[in-house]
Every structure is written in C-alpha cells, then in structure tokens.
Amino acid sequence: MSDHAVLHVKGRILVGPYDESVRDELWVVGGRISYDRPAGAQDVRTVEGWALPGLVDAHCHVGLGAHGPVDADVAEKQALTDREAGTLLIRDAGSPSDTRWVDDREDLPKIIRAGRHIARTRRYIRNYAHEIEPDELVAYVSQEARRGDGWVKLVGDWIDRDLGDLSACWPREAVEAAIAEAHRLGARVTAHCFAESSLRDLVEAGIDCIEHATGLTEDLIPLFAERGVAIVPTLVNIATFPKLADGGESRFPRWSAHMRRLHERRYDTVRGAYDAGIPVYVGTDAGGSLAHGLVAGEVAELVTAGIPPVDALSATAWGARKWLGRPGLEEGAPADLVVYEGDPRADVRVLAAPRRVVLNGRVVE
C-alpha cells in the first residue's frame, strides 16, 4: 500500500461501545481517519470486518528483559509482537532502556513512557530500577517526570528479606512529597503494589493509579473509588504467583503463603473494584519474564473475573484511550485500528485473531 493510497474500511466501525456509535465505513487518507468518501480516490484498498481502535496495553515494558535492559533489536521484536496482537498504544510502566527511537518508526506501536522504575535500595528486581533511599525520592521523581511522557512509576512494595514478607517501601511523608512534585510537573504517578500495606498511604498521598492491586481489600475499596484511583490488575501476570510462591517456599514461607492468598482472591478483588466504580484498565506486564502480545488474554481474564465483556473491551479500547489522552476512531485521528472477523463485544476471544492491523494508516502485512 503506497503512501498515497486510500484505505476503505467497511463493515462495522466500533467508534464507541454501543450500537448508536457504530458506523458502516471509514476512509483513511494521508494516514488519518475520515468518514467522508474522498473525491476522486483511485488507488483504494478495501478491508472488511469489525473495526476497533488500536488496543491499549497500559502496563507493558518495551526494552526490558529478565535481567534488565535489552538491546534495541530485542526491544524491536517486543514491540512488533505487541503490534501483531493488535496493541498499538503502550503505556510503558517502567523501563531502564531508552526507547525514544521507537517514536521515529511508523511501523511500531506508540509508547507513553513512565521513565525508569524508582525502587527502594535492594527492594526490587536487580538492574530494573533506580534503587534509592526515601530522602532521594523527590529528586528522582522529578528526574523521571521530565524524562517520561506524563507518568512516573514507583515500586510501592516488595519483599523485605528481614521480615520475610511483602512490605511497603516508602514512608508516608516521602510519597506525599514525591507525588506532589510529580503533579507539579504535570505527571501522573503509578505504583507497583502486590500487598495491602502500602495502599492507603499512596492513595491518600494522591497517587493516580495502582498496578496489580492484588492487596485491594474491602476496607480500601471505598477510598480508591472516592479518589478515582485507577487499577491495572495484570491478571495474566498474577497467574504466575503460585509458581513464584513454590520457588520461595523454603526461604520465605510467610511471603509464599501471602502470595498464594493474593492469587486465590484475585478475581474477587477485581470484581469488587469494578462494582465499586473503580476504573479498571488492561495491562499485561509484558517484558521482564512475561511474553509480549498477551492483551487478548488479559481482556479474557477480566471477563472471567466478572467484568461485563463490553466494559472489559473498553478497558483496552475506548476507555483506555480516553484515560491516556489519546484518540480512538474520531474524525481526523491517526488511523490506528484493528479489524476482526466477528463482533468483539459479543465474544472477547475474537481479539486473539486480528484479521488486519492498521497503524498510522498503513495495513500491517
């Protein structure tokens, strides 16, 4: 398809989740969406099916491997794997690699970066994060807010080897000052949190999002809902908890038991959050030790947890894009969309088999 070709997408264009916002066709001209047939178009390619805005993975790590940063060729393969799955917008929730070169590639998903993870010294996976002490937190948040694309990523809890269990990484006053600094600079803040112990301080300090949120309990749910704090459950990652627990049983039995409890109640946790009106978004935690391209599986997991299919779909499509401040299938928007054979609102399993992926107006072959 040449740079001057026109793309005609026909069938059912899911501009929004409900039938009143469904269109019969759209046109792609100059890489942008139009709902008006272009006059005199001759080099036209037609694609038919059910079209969604390009999917969002709101917790993904491009440029990160099991042992830290990876070479650009590996990062490229990660991004291409996500693209093939229909993920065309990534919120990179922490990476030690500089992936700005991706912005110059029209064939790779768009990335919204949170800079590099900020963790407590010796309280996170080696080579992933800036490892610092609380008196340095504001300075590092300021640095990463300037390096990122409107987000900063904290590690809110991790195993304390002396305690033998998960525990909060930061004192209350440190996170209050750090989150205030991020907000002053126009950045939102999210935090990795498995356990219960760090959540109240982070939310009351003004955090915008919690990753994983497996420690969300009934007494904390109203606080999250009142403050409008979003969660990204990463259920495809939480599925690994039993294996992690087995591996740590001999050294940290208390931690292992805790991880199993968090895993056992994961669906109830997510459904409780949804029922209370807490915003829930799709994220896979790809990168590190988890494969890329798992967005369809995460949507299916949200449905298994009890979230209605249309809302689980919105968590990776219309709703997720609005939350991140990026357009969907509006007139004049960049033509980033995925076409499926069936209606993904009726069966989210359709997401696992895109018929066509269109990125920046070009059909990805």
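The coordinates are above.
Values in this document were obtained by computation on a predicted structure and should not be read as measured data.

Scoring rules and cut-offs
Residues numbered from 1 in each chain as written. Predicted model: local features only at pLDDT ≥ 70, side-chain atom pairs only at ≥ 80, totals over all residues. Heavy atoms only, no water. Helix = DSSP H or I, 4+ residues; strand = E, 2+ residues; numbered from the N terminus. Rg over C-alpha atoms; globule rule 2.2 N^0.38 Å. Areas by Shrake-Rupley, 256 points an atom, 1.4 Å probe, with all protein chains shown as cover. Lys, Arg positive; Asp, Glu negative; His and termini not counted. Charge placed at Lys NZ, Arg CZ, Asp CG, Glu CD. Axes fitted to C-alpha atoms, helices over the stretch in contact; angles between N-to-C directions. Parallel < 35°, antiparallel > 145°, perpendicular 65-115°, else oblique. Left-handed = near helix turned anticlockwise from the far one by under 90°. Contact = heavy atoms within 4.5 Å. 1 Å grid on protein atoms, 1.4 Å probe; cavity = no way out; pocket = protein on both sides within 12 Å on 5 of 7 lines; lining within 4 Å. Points joined across faces, edges and corners; volume = space filled by probe spheres on them. Nonpolar A, V, L, I, M, F, W, Y, C, P; charged D, E, K, R; others polar. Disulfide = S-S within 2.5 Å. Buried < 20%, exposed > 50% of the residue type's maximum accessible area, 1.4 Å probe, protein only. Pairing = 2+ DSSP bridges.

### Digging into the overall build of the protein chain
- Of regular secondary structure, the protein chain possesses twelve helices and 20 strands.
- Rg of the C-alpha trace for the protein chain: 21 Å, near the compact-globule value of 21 Å for 365 residues, within the 12% margin.
- Principal-axis analysis of the C-alpha atoms places the extent of the protein chain at approximately 70 × 40 × 35 Å.
- Total accessible area on the protein chain is roughly 15,000 Å²; 47% of this is exposed by carbon and sulfur atoms.
- Mean positive and mean negative side-chain charge positions of the protein chain (43 and 57 charges, respectively) differ by 1 Å.

### Focus on the packing of helix α2 (residues 137–147) against helix α3 (residues 172–184)
- Where α2 contacts α3, the axes come no closer than 9 Å and their chain directions differ by 25 degrees. In terms of axis orientation, α2 runs roughly parallel to α3. Once α2 is placed against α3, the crossing between them reads as right-handed. Residues Leu137, Val138, Val141, Ser142 and Arg146 of α2 pack against Ala174, Val175, Ala177, Ala178, Glu181, Ala182 and Arg184 of α3.

### Looking at empty space enclosed by the protein
- Per the stated rule, a full pass over the model turns up one cavity of 30 Å³ or more.
- Taken as a whole, the largest cavity holds about 50 Å³ of empty space.
- If you go around the largest cavity, the residues you meet are Gly156, Ala168, Cys169, Trp170, Val175, Ser198, Asp201 and Leu202.
- Residue classes in the lining of the largest cavity are distributed as five nonpolar, two polar and one charged.

### Side note on unusual backbone geometry
- At threonine 234, a residue that is not glycine, the phi angle is positive and equals roughly 50 degrees.
- Turning to its location among the elements, threonine 234 is positioned in the loop between β16 (230–232) and α6 (235–238).

### What about the state of the cysteines?
- Per the stated rule, a full pass over the model turns up zero disulfides.
- Just so you know, cysteine 169 is unpaired, no disulfide at all, and the nearest cysteine sulfur is the one on cysteine 193, 8.5 Å from it.
- For cysteine 193, a relative accessible area of 0% gives the class buried.

### Notes on the side chain of histidine 258
- Counting through the fold element by element, histidine 258 comes out in helix α8 (residues 253–264).
- Non-local contacts of histidine 258, meaning those with residues more than four positions away in its chain, are made with Asp165, Leu166, Ala195 and Glu196.

### What to know about the environment of histidine 67
- Along the chain, histidine 67 turns up in the loop between β5 (55–65) and β6 (68–69).
- Residue histidine 67 is classed as exposed on the basis of its relative accessible area of 69%.
- Filtering out sequence-adjacent residues up to four positions away, histidine 67 remains in contact with Arg126, Asn127 and Tyr128.

### Comments concerning the sheet that holds strand β4 (residues 44–53)
- Taking strand neighbours across the sheet as the criterion, the seven strands line up as β3-β2-β1-β4-β18-β19-β20 in an open arrangement whose pairing is mixed. Whereas interior strands pair on both sides, the edge strands pair on one side only; in this sheet they are β3 (32–34) and β20 (362–364). On average, each strand axis in the sheet is inclined to that of its neighbour by 40 degrees, with strand direction left out of account.
- Where strand β2 (residues 22–29) lies against β3, three bridges are found, and the strand directions are antiparallel. Bridging from a neighbouring strand, valine 29 pairs with arginine 32 of β3.

### Examining the layout of surface pockets
- Considering only enclosed or pocket space, the largest pocket measures out at about 920 Å³ in volume.
- Listing elements by their share of the lining of the largest pocket, those giving two or more residues are β5, β12 (157–160), α7 (241–248), α8 and β17 (286–288).
- The class makeup of the residues in the lining of the largest pocket is 15 nonpolar, eleven polar and seven charged.

### Topic: the side chain of glutamate 301
- Of note, glutamate 301 is situated in helix α10 (residues 295–304).
- If near-sequence neighbours (up to four positions away) are discounted, glutamate 301 is found in contact with Leu235, Val236 and Tyr267.

### Some remarks on the pairing of strand β7 (residues 87–92)
- Taking burial as the measure, the six residues of β7 include six buried ones, the bulk of the element.
- Pairing geometry for β5 and β7, over four bridges, is parallel. Across the sheet, the residue bridging to leucine 55 is threonine 87, located in β7.
- With four bridges connecting them, β7 and strand β8 (residues 110–113) associate as parallel partners. From the neighbouring strand, aspartate 92 faces β8, where its bridge partner is arginine 113.

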